Amino acid sequence: MQIRTFAAVALAVAPAAVSAAGQLGFAVGNTNPDGSCKKQSDFEADFEAIKDNTQSTLVRTYSSSDSYGNPCNTPSEILPAAQAAGIQVLLGMWPDGGVYEKEKAPLVDANVEEYGDTLFGITVGSEGMYRGTYSQNELITWIGDMKATFPSTKIGTADSWNCWNNGTMDGIIKSGIDLVLANGFAYWQYQHISNATATYFDDMAQALAHVQEVSGSIDGIHFMSGETGWPGDGGTDAGAAKAGTDNEETYFNSAVCAMLEWGIDLFWFEAFDEPNKADAIGDDGQVASEQYWGSFTSDRTPKFNMMCGA
Ligand SMILES: *[C@@H]1O[C@H](CO)[C@@H](O)[C@H](O)[C@H]1NC(C)=O
Ligand SMILES: *[C@@H]1O[C@H](CO)[C@@H](O)[C@H](O)[C@H]1NC(C)=O
């Protein structure tokens, strides 16, 4: 993974650095541990756990369907639960593999804009440019269609920090996008926990500086860290990056809390363990478990203290 010098860091100005701390959000899956689609009551239980144990009032999802493409109608299930709980939702849709329209229909059916501030925004795709599962032109077309369909809603996309930094996403940055979500995992960069916070800051600073440069504005686009996290006990090691709940807690308390203090909004990946989730494949082709990245177990028990500064 290419790491530039710290010169890049000096260029980045955190949009909210002088005014406010960043907002902490949680990534939440839309299926239960048994593989069934989460219903409104499942999301209600998710939100209760998040509100009881964290300072967060924001979550993001990835798809309207389950990982086999079966409809979960996630927008219709999650938004009423979120509204009742005072949680905002950044709704994700997963257009890979020609299912854009299939992912869009549940958003339309749910009348998502009628939920007002409960709907934080919509993201089209997550790391699809990085994986090469769709093209820049497709993504620009889809984002344009979302903006036309939901004109009062902030529309964005998530991709890996290096794609935002190295020119891959420049056409997207210039396309009138509202939200940029840059994912950054020191873990996937095989960093020892002792260097993980520095690596995450370097990643985000580079991505933010590039987005600012290409957009010609410090805050014209809402820049967020779309995902960061560390696998807990049961997870896979990645070189010097060792899985384990102690390291996960350390990463949360140092990298996450400091990034929020710098003024960057971020999503912790992820809220709840997903014991049935398929393995992920890293940059070097290494297979790694994605099952134990939750800061809560799958039965919603917190693994550690998630209160920054407390
Ligand atoms: C940008 O970074 C991604 C992820 O590392 C990589 O796959 C891609 O080839 C890079 N593109 C350029 C133009 O360097
Ligand atoms: C620690 O992280 C910094 C920032 O990403 C990087 O430049 C450096 O190479 C890392 N150190 C090691 C030993 O990998």
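Where an unreviewed UniProt entry is consulted, the protein appears under the name glucan 1,3-beta-glucosidase, with the organism given as Lithohypha guttulata. Quoted verbatim from the Subcellular location (unreviewed entry) field of UniProt, the annotation for the protein is "Secreted, Cell wall". Taken directly from UniProt, the Sequence similarities (unreviewed entry) text for the protein runs: "Belongs to the glycosyl hydrolase 17 family."

### Thoughts on the overall build of the protein
Along the protein, the regular secondary structure elements total 10 helices and 10 strands. Computed over the C-alpha atoms, the radius of gyration of the protein is 18 Å, within 12% of the 19 Å expected from 2.2 N^0.38 for a compact globule of 310 residues. Dimensions of the protein along its principal axes, counting C-alpha atoms only, are 45 × 45 × 40 Å. Every one of the 310 residues in the protein was classed for burial, and the buried ones make up 55%. In the protein, of all internal contacts separated by at least 6 residues, the share reaching a separation of at least 24 is 73%.

### Let's talk about the environment of D145
Inspection of the secondary structure puts D145 in helix α6 (residues 136–149). Among the residues examined, D145 registers a relative accessible area of 26% and is labelled partly exposed. Within the structure, the side chain of D145 is placed 2.6 Å from the side chain of Y100, a separation counted as a polar contact.

### Quick look at the pattern of salt bridges
Within the structure shown, the criterion is met by 10 salt bridges. Across the pair K104 and D145 runs a salt bridge, and its minimum N-O distance is 2.9 Å. Taken together, the residues K104 in helix α4 (residues 100–109) and D145 in helix α6 connect sequence positions 41 residues apart. K303 serves as the salt-bridge partner of E248, at 3.8 Å between the closest nitrogen and oxygen. Here K303 lies in the segment after β10 (287–288) and E248 lies in helix α10 (residues 245–262), a separation of 55 residues in the sequence.

### Considerations on the state of the cysteines
Considering all chains together, one arrives at two disulfides under this definition. Across the disulfide, C37 is cross-linked to C72 (sulfur-sulfur distance 2.1 Å). Taking the sign of the S-S torsion, about -70° here, the bridge from C37 to C72 comes out left-handed. Of this pair, C37 sits in the loop between β1 (24–27) and α2 (40–53) while C72 sits in the loop between β2 (58–60) and α3 (74–85), placing them 35 residues apart in sequence. Just as C37 is buried, C72 falls in that class too.

### Notes on the packing of aromatic side chains
Scanning the model with the defined rule gives 18 aromatic pairs in all. Between F269 and W293 the ring centres are 5.9 Å apart and the planes differ by 65°, which places this aromatic pair in the edge-to-face class. Note that F269 is positioned in the loop between β8 (265–268) and β9 (280–281) and W293 in the segment after β10, a separation of 24 residues in sequence. Looking at F269, the relative accessible area reads 3%, which means it is buried. With a relative accessible area of 0%, W293 lands in the buried category. An aromatic cluster is defined as three or more aromatic residues linked by ring pairs; in this entry it consists of F185, Y187, W188, Y200, W230, Y251, F252, W268, F269, W293 and F304.

### Here's the deal with the side chain of D96
Tracing the backbone through its elements, the reader meets D96 in the loop between β3 (88–93) and α4. Within the structure, D96 has its side chain in polar contact with the side chain of T133 (distance 2.6 Å). Ignoring any residue separated from it by four or fewer positions in sequence, one finds D96 in contact with G128, R131, T133 and Y134.

### Some thoughts on the confidence of the model for the protein
Low pLDDT marks stretches whose predicted atomic positions should not be read closely. Averaged over all residues, the pLDDT of the protein is 93; the fraction at 70 or higher stands at 94%. Considering only residues more than four positions removed or in separate chains, one finds that residues 1–11, a stretch of pLDDT under 50, has 19 contacts.

### A look at the side chain of R60
Turning to its location among the elements, R60 is positioned in strand β2. Lacking a salt bridge, the buried R60 has E227 as its closest oppositely charged neighbour, with an N-O distance of 4.0 Å. A polar side-chain atom of R60 sits 2.8 Å from the main-chain carbonyl oxygen of G226. Residues in contact with R60, not counting those within four places in the same chain, are F26, A27, V28, L90, T123, S126, A158, L181, N183, G226, E227 and F267.

### Some points on the site of ligand 1
Around ligand 1, the neighbouring residues are Y130, N162, C163, N166 and T168. One of the side-chain N or O atoms of N162 is found 2.9 Å from an oxygen atom in ligand 1. In the environment of ligand 1, an oxygen atom lies 2.3 Å from a nitrogen or oxygen atom belonging to the side chain of N166. Out of a free accessible area of 360 Å², ligand 1 has 45% covered by protein chains. Grouping the amino acids of the shell around ligand 1 by side-chain chemistry returns two nonpolar, three polar and no charged.

Calculation criteria
- Residue numbering note: each chain is counted from 1, following its sequence as written.
- Here the convention is simple: chains get letters from A, ligands get numbers from 1, in the order in which they are written.
- Two thresholds apply to this predicted model, a pLDDT of at least 70 for residue-level local features and 80 or more for giving and counting side-chain atom pairs, whereas whole-chain, interface and lining totals are computed over all residues.
- With hydrogens and water excluded, all non-hydrogen atoms of the structure serve as input to the side-chain values.
- UniProt positions are given in the numbering used here, feature names are shortened, and annotations may be inferred rather than shown by experiment.
- Helix and strand definitions here come from DSSP, where helices need a minimum of 4 consecutive H or I residues and strands a minimum of 2 consecutive E residues; each element is numbered from the N-terminal end.
- In this description the radius of gyration comes from C-alpha coordinates, and the expected globular size is given by 2.2 Å times residues to the power 0.38.
- Only protein chains enter the accessibility calculation, which uses a 1.4 Å probe; a residue whose area is less than 20% of its type maximum is buried, one above 50% is exposed, and one in between is partly exposed.
- A contact between two residues is defined here by any heavy atoms of the two lying within 4.5 Å.
- A 3.5 Å cut-off defines polar contacts: any pair of N or O atoms within that distance qualifies, except that in protein one atom must be a possible hydrogen donor and the other a possible acceptor, and neighbouring residues in sequence count only when both atoms are side-chain atoms.
- Salt bridge, as used here, is a side-chain nitrogen of Lys or Arg placed within 4 Å of a carboxyl oxygen of Asp or Glu.
- When the sulfur atoms of two cysteines come within 2.5 Å, that pair is taken as a disulfide.
- A pair of Phe, Tyr and Trp rings is counted when the ring centres sit within 6.5 Å of each other, with Trp represented by its six-membered ring. The angle between the planes then sorts it: under 30 degrees is stacked, over 60 is edge-to-face, the rest tilted.
- What pLDDT expresses is the predictor's confidence in each residue, scored from 0 to 100.
- Residues counted as positive are Lys and Arg, residues counted as negative are Asp and Glu, and His and the chain ends are not counted.
- Working definition: residue near molecule or strand if any one of its non-hydrogen atoms lies within 4 Å of it.
- Under the convention used here, a 1.4 Å probe and the Shrake-Rupley method define accessible areas, while residue burial counts only the protein chains that appear.
- When residues are grouped by polarity, Ala, Val, Leu, Ile, Met, Phe, Trp, Tyr, Cys and Pro land in nonpolar, Asp, Glu, Lys and Arg in charged, and all others, Gly among them, in polar.

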